[in-house]
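# Structural overview for review
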Amino acid sequence: MYMYETTYHRPTTLTDAVTLHSEVDEPAYLSGGHTLIPTMKGRLAAPANLIDVRRIPELSGITVTVDRVVIGSATTHATVAASSEIVAAIPALAGLAGSIGDVQVRHVGTMGGSVANNDPAADYPSAVLSLDAIVHTDRRAIPADDYFTGLYSTALEQGELLVRIEYKVPEIAGYAKFRNPASRYAMAAAFVSKHRDGSVRVAITGAGNAGVFRWTEAEEALQGSLDPRALKGLSVDPDTLMGDMHAPADYRAHLVAVMTRRAVENLGRARID
Ligand SMILES: Cc1cc2nc3c(=O)[nH]c(=O)nc-3n(C[C@H](O)[C@H](O)[C@H](O)COP(=O)(O)OP(=O)(O)OC[C@H]3O[C@@H](n4cnc5c(N)ncnc54)[C@H](O)[C@@H]3O)c2cc1C
């Protein structure tokens, strides 16, 4: 099977990338290409112009301060996982990056590509939501609570380029993931953070029928006590969850509860198993 003909562009400035996107026919930004290229091969997408964003300096780099971790969107999962600064500031975030796919996937796939794509089984959306991050684009700053709008759907507008993500450094955070044994995507995963203002945010990925979501009942339970026993008896409504060939919704509901408990047990750890 052949792909449709496409023109490859490699801009080196943010302005050039955004301008190009507004001028050419049927454009698409290309980052790691681990989602976009297979989609093109399967003829589910046929952009006439691919705009590779990986050579734009503003889209790379990691900056860690006392209360923020800022990561350029073209940063690979492997770079995040290996960053000693991120391991020190938010161990769970480094652990999440290290849990993605396999070693080849982690060296090519990028954080920005993942968050722009918003696959319901992707790992990063849970960290963005739980860590109350801000998604910075070429034109605005979008709070995490306003960013995810449904399956494969985000607040990004046509041509809007995700530049970097600013994560809040929490007091403590933990991540746990039940992997699909074939792809290693999440069948259910939970990211739990306690922030310095005392708030607790629990984000669930891999399970929701509208993608990543905050599990507010778990947040309220953990607000009182950051202890896995505080979650006893809590469950999510299977009607709000995905059911597919990998797992029916009621099994995912069970996994969500177990992964949330494990995320609390993993608080402060970079290793998530
Ligand atoms: C075998 C395999 C296993 C995987 N396992 C996991 C897993 O366990 N967990 C997980 O979370 N992910 C997993 N992934 C996904 C992978 O790690 C990438 O995160 C994902 O493919 C998207 O990132 P990318 O850089 O490849 O984006 P691309 O494929 O380049 O782009 C994806 C989409 O985002 C858009 N886009 C890209 N960059 C930007 C930007 N800066 N601004 C705006 N739009 C942009 C593109 O136009 C496209 O629509 C897996 C992938 C494969 C192939």
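Each chain carries its own residue numbering, running from 1 in the written order of its sequence. In keeping with the predicted nature of the model, local features appear solely for residues at pLDDT of at least 70, side-chain atom pairs appear and are counted solely at 80 or more, and the whole-chain, interface and lining totals rest on all residues. Here the side-chain values reflect all heavy atoms present in the structure, with hydrogen atoms and water set aside.

### Considerations on the sheet that holds strand S11 (residues 172–179)
In this scheme, strands are said to pair when DSSP sees at least two bridges between them. Elements are defined by DSSP. Helices are runs of H or I of four residues or more, strands are runs of E of two residues or more, and each kind is numbered from the N terminus. Spatially, 4 strands are ordered S11-S12-S13-S14 in an open sheet, and the strand pairing comes out antiparallel. Each edge of the sheet is formed by a strand with only one pairing partner; in this case those strands are S11 and strand S14 (213–214). Of the strand pairs in this sheet, strand S12 (residues 186–194) and strand S13 (residues 200–205) are connected by 6 bridges, and their pairing is antiparallel. Within S13, the residue paired with Ala 189 across the bridge is Thr 205. The contact definition used throughout considers only heavy atoms, calling two residues in contact when any of these lie within 4.5 Å. Where helices are involved, their axes are fitted lines through C-alpha atoms of the stretch in contact, as for all axes, and angles between N-to-C directions lie from 0 to 180°. Against the sheet, helix H5 (residues 91–98) makes contact with S11 and S12, and its axis sits at roughly 20° relative to S11, the strand it touches most. Against the sheet, helix H11 (residues 249–265) contacts S11, S12 and S13, and its axis sits at roughly 35° relative to S12.

### Let's talk about the environment of Gly 61
Positionally, Gly 61 belongs in the loop between strand S3 (49–52) and strand S4 (62–64). With a 1.4 Å probe rolled over the protein chains alone, any residue whose accessible area is under 20% of its type maximum counts as buried; one over 50% counts as exposed, and the rest are partly exposed. For Gly 61, a relative accessible area of 37% puts it in the partly exposed group. Linking Gly 61 and Thr 75, residues 14 residues apart in sequence, is a C-alpha distance of 6.8 Å. Sequence-distant contacts of Gly 61, that is, excluding residues within four places in its chain, are made with Val 70, Ile 71, Gly 72 and Thr 75.

### Notes on the site of the ligand
In these notes, residues near a molecule or strand are those with any non-hydrogen atom within 4 Å of it. Of all residues adjacent to the ligand, which total 27 residues, the nearest are Tyr 29, Thr 35, Thr 110, Asp 123 and Arg 184. A distance of 3.4 Å is found between an oxygen atom of the ligand and a backbone nitrogen or oxygen belonging to Ser 114. Between an oxygen atom of the ligand and a side-chain N or O atom of Lys 177, the distance comes to 3.3 Å. To measure how exposed things are, a 1.4 Å probe is used in the Shrake-Rupley method; for residues, cover is taken only from the protein chains shown. Surface burial for the ligand is 87%, taken as the share of its 970 Å² of free accessible area covered by protein chains. Elements with a contribution of two residues or more to the shell around the ligand: strand S2 (27–30) and helix H7 (111–117). The element contributing the most residues to the shell around the ligand is H7, with 3 residues. Three classes are used: nonpolar for Ala, Val, Leu, Ile, Met, Phe, Trp, Tyr, Cys and Pro, charged for Asp, Glu, Lys and Arg, and polar for all others, with Gly counted as polar. Within the shell around the ligand, the residues separate by chemical class into 10 nonpolar, 13 polar and 4 charged. The definition of a polar contact used here is a pair of N or O atoms within 3.5 Å, where within protein one atom must be able to donate a hydrogen and the other to accept one, and adjacent residues in sequence count solely through side-chain atom pairs.

### Focus on the pairing of S12
Residues in a regular strand point their side chains to alternate faces of the sheet. The buried fraction of S12 amounts to 8 of the 9 residues, a majority that puts the element mostly inside the structure. The hairpin turn running from S11 into S12, its antiparallel successor, is 6 residues long, and Arg 184 in that turn takes a positive phi close to 75°. Hairpin remark: S12 followed by S13, antiparallel, with 5 residues in the connecting loop; positive phi at Gly 198, about 95°.

What is shown is where atoms sit, not what they do.
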